[in-house]
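One-letter residues, chain by chain:
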Amino acid sequence: MASFEQHVNGAVISTGIVIVPLHSASIINATESLIVLALGLVGGVLPDLDSDTSKPIQIVFKIISIFLPLVILLGISKELT
């Protein structure tokens, strides 16, 4: 079974193979290239979501634990001022 790192590496390589010719031919711009890369990475780590030690789920919870309190504090500060 492939590990999380192998899934990420495979996703970056395969998405890069698609992005480079499209960007070189001016079919997509830099912003669209980043969007395609992000979607490719999400698709690459989807097989890891069902494992018992899922790194993508751990990463998502860490991001939520950082940004959710920040969003709440910013919302409260706008109401208090």
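Residues numbered from 1 in each chain as written. Predicted model: local features only at pLDDT ≥ 70, side-chain atom pairs only at ≥ 80, totals over all residues. Heavy atoms only, no water.

(A) The overall build of the chain, seen in detail. What the chain contains, in helices and strands, is three helices and zero strands. Mapped in sequence order, the helices and strands of the chain form the string α-α-α. In terms of overall dimensions, the chain is more spread out than a globule: its C-alpha atoms have a radius of gyration of 17 Å, far above the 12 Å expected for 81 residues. By principal-axis analysis of the C-alpha atoms, the chain measures approximately 50 × 40 × 15 Å. Across the chain, every contact between residues at least 6 apart in sequence was considered, and the portion connecting residues at least 24 apart equals 55%. Element-wise, carbon and sulfur atoms account for 73% of the exposed surface of the chain, whose accessible area totals about 6200 Å². (Helix = DSSP H or I, 4+ residues; strand = E, 2+ residues; numbered from the N terminus. Rg over C-alpha atoms; globule rule 2.2 N^0.38 Å. Contact = heavy atoms within 4.5 Å. Areas by Shrake-Rupley, 256 points an atom, 1.4 Å probe, with all protein chains shown as cover.)

(B) Structural context of helix H2 (residues 30-45). Taking 1.5 Å as the rise per residue, H2 with 16 residues should run 22 Å; its terminal C-alpha atoms sit 23 Å apart, in good agreement. Within H2, the full set of buried residues consists of Ser33, Gly40, Gly44 and Val45. For H2, the buried positions fall inside an angular range of 120 degrees around the axis, keeping them on one side. Exposed side of H2, more than 90 degrees from the buried face: Thr31 and Leu39 are the residues found there. Here the buried face of H2 lies against helix H1 (4-24) and helix H3 (55-80). (Expected span 1.5 Å × (residues − 1). Buried < 20%, exposed > 50% of the residue type's maximum accessible area, 1.4 Å probe, protein only. Arc of directions from axis to C-beta.)

As far as function goes, none of this settles anything; it's purely spatial.
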